[in-house]
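# Chain and residue survey
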Amino acid sequence: LDETDEAELLEDVPAARQILECQKKFYSVLTDSSDEKEMQPIFTSRPAEEVNEVLEGGGRIDGWGKCLEPGARPAGMVIASSDVFIASDTLAYSTCVEFPPNAGIDGATLLAVQRWERETTGDGDWKLELHQTIPWSVGSRAGGTLRCDCRGCVALARGQDRRTFGGLIG
């Protein structure tokens, strides 16, 4: 894995470059910080419906303070193959592949998508609305998903007999 892997844009699209910079900032805080206050300006202030759905179903959310604790945050995780889709002047998506440091040489990777919004068209700041990952490796099915918003993260893990909620996958 080339840790300097950069997204290649076919055209110079300022919004796409802004989203990629925002994505880098998100992953920098996620992997290197223990301060939940650094995560706050990255996200919108509105909770994401996808996280609310888990909480309304009886799930548990781990706040950013808990998610960023040493030993809990994915320190050393590397991302690659970033891409951006601009849906409108106020809605965009970014994707990447996450490589956790403890996965080993044949370990699983995580497919990640982020949904970004900005309140005003033109020069408004892009804010992260939802971050979601699914574990992925060749020949296996995703065993769960992680959904994060301005409050923190929830996890859905596949069980043999039932769905379970809460805690970070790992």
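Below, the structure is looked at part by part. Fair warning: this is a prediction, and the values are worked out from it, not measured in the lab.

Before going further, it helps to spend a moment on helix α3 (residues 49-56). Buried within α3 are the following residues: Val51, Asn52 and Val54. Buried positions in α3, seen along its axis, are confined to an arc of 160° and lie on one side of it. Within α3, the exposed residues directed more than 90 degrees away from the buried face are Glu49 and Glu56. Gly58 sits one or two residues past α3 and shows a positive phi near 100°.

A few words on the pairing of strand β3 (residues 91-99). Relative to β3, strand β2 (residues 78-86) runs antiparallel, the two being bridged by 7 bridges. Residue pairing in the sheet places Ile86 in a bridge with Ala92 of β3. In this antiparallel pair of consecutive strands, β2 and β3, the connection spans 4 residues.

Here we take up the pattern of salt bridges. Pairs can form between side chains of opposite charge once their charged atoms are near each other. In total, this model carries 7 salt bridges according to the counting rule given. The shortest N-O distance in the salt bridge between Arg147 and Glu53 comes to 3.1 Å. Here Glu53 lies in helix α3 and Arg147 lies in strand β6 (residues 144-149), a separation of 94 residues in the sequence. A relative accessible area of 49% places Glu53 in the partly exposed class. Two residues, Arg151 and Asp149, come together in a salt bridge whose shortest N-O distance is 2.7 Å. Note on Arg151: relative accessible area 29%, which makes it partly exposed. Among the residues examined, Asp149 registers a relative accessible area of 0% and is labelled buried. One network of salt bridges, with partners in common, ties together Glu50, Arg115 and Glu129.

What counts, and where the lines are drawn
- Residues numbered from 1 in each chain as written.
- Predicted model: local features only at pLDDT ≥ 70, side-chain atom pairs only at ≥ 80, totals over all residues.
- Heavy atoms only, no water.
- Buried < 20%, exposed > 50% of the residue type's maximum accessible area, 1.4 Å probe, protein only.
- Helix = DSSP H or I, 4+ residues; strand = E, 2+ residues; numbered from the N terminus.
- Arc of directions from axis to C-beta.
- Pairing = 2+ DSSP bridges.
- Salt bridge = Lys/Arg side-chain N within 4 Å of Asp/Glu carboxyl O.

Keep in mind that these numbers describe shape and distance, not what the molecule does.
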